[in-house]
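Spelled out, the chains give:
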Amino acid sequence: MKSLAELQAIRDKMQNKVALREGTGEKRVVVGMATCGIAAGARPVLGAFVEQVNEQGLAGTITVTQTGCIGICQYEPVVEVFEAGKEKVTYVKMTADKVSRVVEEHLKGGKPVAEFTIGQQKA
Amino acid sequence: MKELSLNLLDIVENSVKAGATLTEMLLEQVGGALTFTVRDNGCGMDEETVRRVTDPFYTTRTTRAVGLGLPLLKLEAEQTGGTLTVQSDTDPVHHGTTVTAVFHTDHIDCPPLGDVVASLITLIQGHPDTDFLFTHRLGEQEVKLDTRELREVLQGVPLDSYEVLQWIEGYLREQYQSINQ
């Protein structure tokens, strides 16, 4: 059974790591979590990004955050990737299954997955 | 919405936007009725706004003039023969809003509750600096999470740290498992 003692152990481990985590994220992944996004399936998409970014040790350079309605509800779930000095990339009709390619090819590899972007998907 | 847990996630977002420092969520199954309550200490709404919140053509957002969160919850509750009530107060001391939806779970149109744990994790990941008190009463037993207790233990370690989120998920899933046994 999970106990508060176990949480204390996590705290002790994390307190040494906090300084490392506060580096400015080079890339920011923003998932639309308004009513439209949630209804279209954004919750598992967000969960997949949080899991994969952390499991692959990318949390130091990539932050995953939530936002409200981006205004293109028919394309939800919508995920935007921001990177300093580069144009924003908008992924639409995302699913948890599509997340691993975005993590691998875009977040790690630096090359956006064109076929998932708004320019190449029908509403 | 496919699951009531998604409505829960959606409605609590309103509380966070209203500046709530504490949002309480209570799910209570009594006989054939599930009562779904979200109570916050946010800024509250005036009477005119409370009257309009279940109108899909009323919204506080600016990207477009449609807001579907509460109207969808109302529709889903009423489709099961249930109700939705919204109480709110803008009093400087006792401000806040309470949304209560009653579902008749034996009605064929009642959506499944779905993955409540995933919704709670999503809320904490998105809003690590606000507090949530979640209680799910199932007969004599209950599943409970109070982020204020966790914050006390964590002493400044953020609630949205991945290790902490994983612990919270395990903590909640274990509570559900022990009830199911």
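Given the structure is predicted, the values throughout are model-derived calculations rather than measurements.

K.L.:
What should I look at first to understand the overall build of chain B in this one?
P.N.:
The secondary structure content of chain B amounts to 6 helices and 6 strands. Whereas a compact globule of 181 residues would reach a radius of gyration of roughly 16 Å, chain B reaches 16 Å, a difference of no more than 12%. Along the three orthogonal principal directions, the C-alpha set of chain B runs to about 40 × 40 × 30 Å. Across the 181 residues in chain B, those meeting the buried criterion constitute 49%.

K.L.:
Got a minute to help me understand the nonpolar core in this structure?
P.N.:
In globular proteins that are soluble, nonpolar side chains generally tend to be buried together. If you look at the biggest cluster of nonpolar residues, it comprises 75 residues, and the most contacted ones within it are Phe49 of chain A together with Phe134 and Ile168 of chain B. Considering each element in turn, this core owes the most residues, 8 residues, to helix H6 (residues 162–180) of chain B. Those residues in contact with phenylalanine 134 of chain B, other than ones at most four positions away along the chain, are Leu8, Met25, Leu27, Val116, Leu120, Val143, Lys144, Leu145, Leu172 and Tyr176 of chain B.

K.L.:
I keep staring at the sheet that holds strand S2 (residues 62–67) of chain A and nothing clicks. Help me out?
P.N.:
The strands that make up a sheet pair up through hydrogen bonds in the backbone, lying either parallel or antiparallel. Residues and elements named next belong to chain A. The strand order across the open sheet formed by 4 strands is S2-S1-S3-S4, and the pairing between neighbours is mixed. Pairing within the sheet leaves two strands with one partner each, and these edge strands are S2 and strand S4 (89–91). Direction aside, the axes of adjacent strands within the sheet are offset by 20° on average. The pairing of strand S1 (residues 27–32) with strand S3 (residues 79–83) spans 5 bridges and is classified as antiparallel. By the bridge assignment, valine 30 is partnered in S3 with glutamate 80.

K.L.:
Would you take a moment to explain the interface of chain A and chain B for this structure?
P.N.:
Contact with chain A, which involves 33 residues of that partner, is made by 36 residues of chain B. When chain A packs against chain B, the two sides together hide about 3000 Å² of surface, and 62% of this comes from carbon and sulfur. Among the residues chain A hides against chain B, the three largest losses belong to Lys2, Leu7 and Arg43 of chain A. Together they make up 24% of the total. In this assembly, chain A and chain B are joined by 1 salt bridge. Along the contact surface separating chain A from chain B lie 14 residue pairs in polar contact (both at pLDDT 80 or more). In terms of residues, the side of chain A that touches chain B owes the most to one element, helix H1 (residues 4–21) of chain A, which gives 11 residues. Residue composition of the side of chain A that touches chain B, by class: 16 nonpolar, 8 polar and 9 charged.

K.L.:
Would you explain the environment of threonine 130 of chain B in this entry?
P.N.:
Residue and element names in this part refer to chain B. With respect to the element layout, threonine 130 can be found in the loop between helix H4 (116–126) and strand S5 (131–138). For the pair threonine 130 and aspartate 10, spaced 120 residues apart in the sequence, the C-alpha separation amounts to 16 Å. In terms of polar contacts, threonine 130 uses its side chain to reach the backbone carbonyl oxygen of histidine 127, at 3.3 Å.

K.L.:
When you look at unusual backbone geometry in this model, what are you seeing that I'm missing?
P.N.:
Glycine aside, residues mostly have negative phi angles, and peptide bonds mostly take the trans form. Residue proline 77 of chain A is reached from glutamate 76 of chain A by a cis peptide bond, and omega for that bond is -5°. Positionally, proline 77 of chain A belongs in the loop between S2 and S3. The phi dihedral of lysine 93 of chain A is positive, around 45°, even though this residue is not glycine. The residue lysine 93 of chain A is located in the loop between S4 and helix H4 (96–108) in this model. The phi dihedral of glutamine 155 of chain B falls on the positive side, at around 45°, and the residue is not glycine. Within the secondary structure layout, glutamine 155 of chain B lies in the loop between helix H5 (147–154) and H6.

K.L.:
It is not clear to me how the packing of aromatic side chains should be interpreted in this structure. Could you clarify?
P.N.:
The geometry of two aromatic rings is summed up by the distance between their centres and the angle between their planes. All names here are of chain B. According to the stated counting rule, one finds 2 aromatic pairs over all chains in the structure shown. Where phenylalanine 36 meets phenylalanine 103, the ring centres are 6.4 Å apart and the plane angle is 55°; that geometry is what we call tilted. On the criterion of sequence distance, the pair formed by phenylalanine 36 in strand S2 (residues 33–40) and phenylalanine 103 in strand S4 (residues 96–104) is long-range, its members being 67 residues apart. Judged on exposure class, the residue phenylalanine 36 and its partner phenylalanine 103 are both buried. With a centroid separation of 4.6 Å and 15° between ring planes, the pair formed by tryptophan 167 and tyrosine 171 is classed as stacked.

Rules and cut-offs
Residues numbered from 1 in each chain as written. Chains lettered and ligands numbered in written order. Predicted model: local features only at pLDDT ≥ 70, side-chain atom pairs only at ≥ 80, totals over all residues. Heavy atoms only, no water. Helix = DSSP H or I, 4+ residues; strand = E, 2+ residues; numbered from the N terminus. Rg over C-alpha atoms; globule rule 2.2 N^0.38 Å. Buried < 20%, exposed > 50% of the residue type's maximum accessible area, 1.4 Å probe, protein only. Core = buried A, V, L, I, M, F, W, Y, C linked by side-chain atoms within 4.5 Å. Contact = heavy atoms within 4.5 Å. Pairing = 2+ DSSP bridges. Axes fitted to C-alpha atoms, helices over the stretch in contact; angles between N-to-C directions. Buried area = accessible area lost by both parts, 1.4 Å probe. Salt bridge = Lys/Arg side-chain N within 4 Å of Asp/Glu carboxyl O. Polar contact = N/O pair within 3.5 Å; in protein donor to acceptor, adjacent residues only side chain to side chain. Nonpolar A, V, L, I, M, F, W, Y, C, P; charged D, E, K, R; others polar. Phe/Tyr/Trp six-rings, centres within 6.5 Å; stacked < 30°, edge-to-face > 60°.

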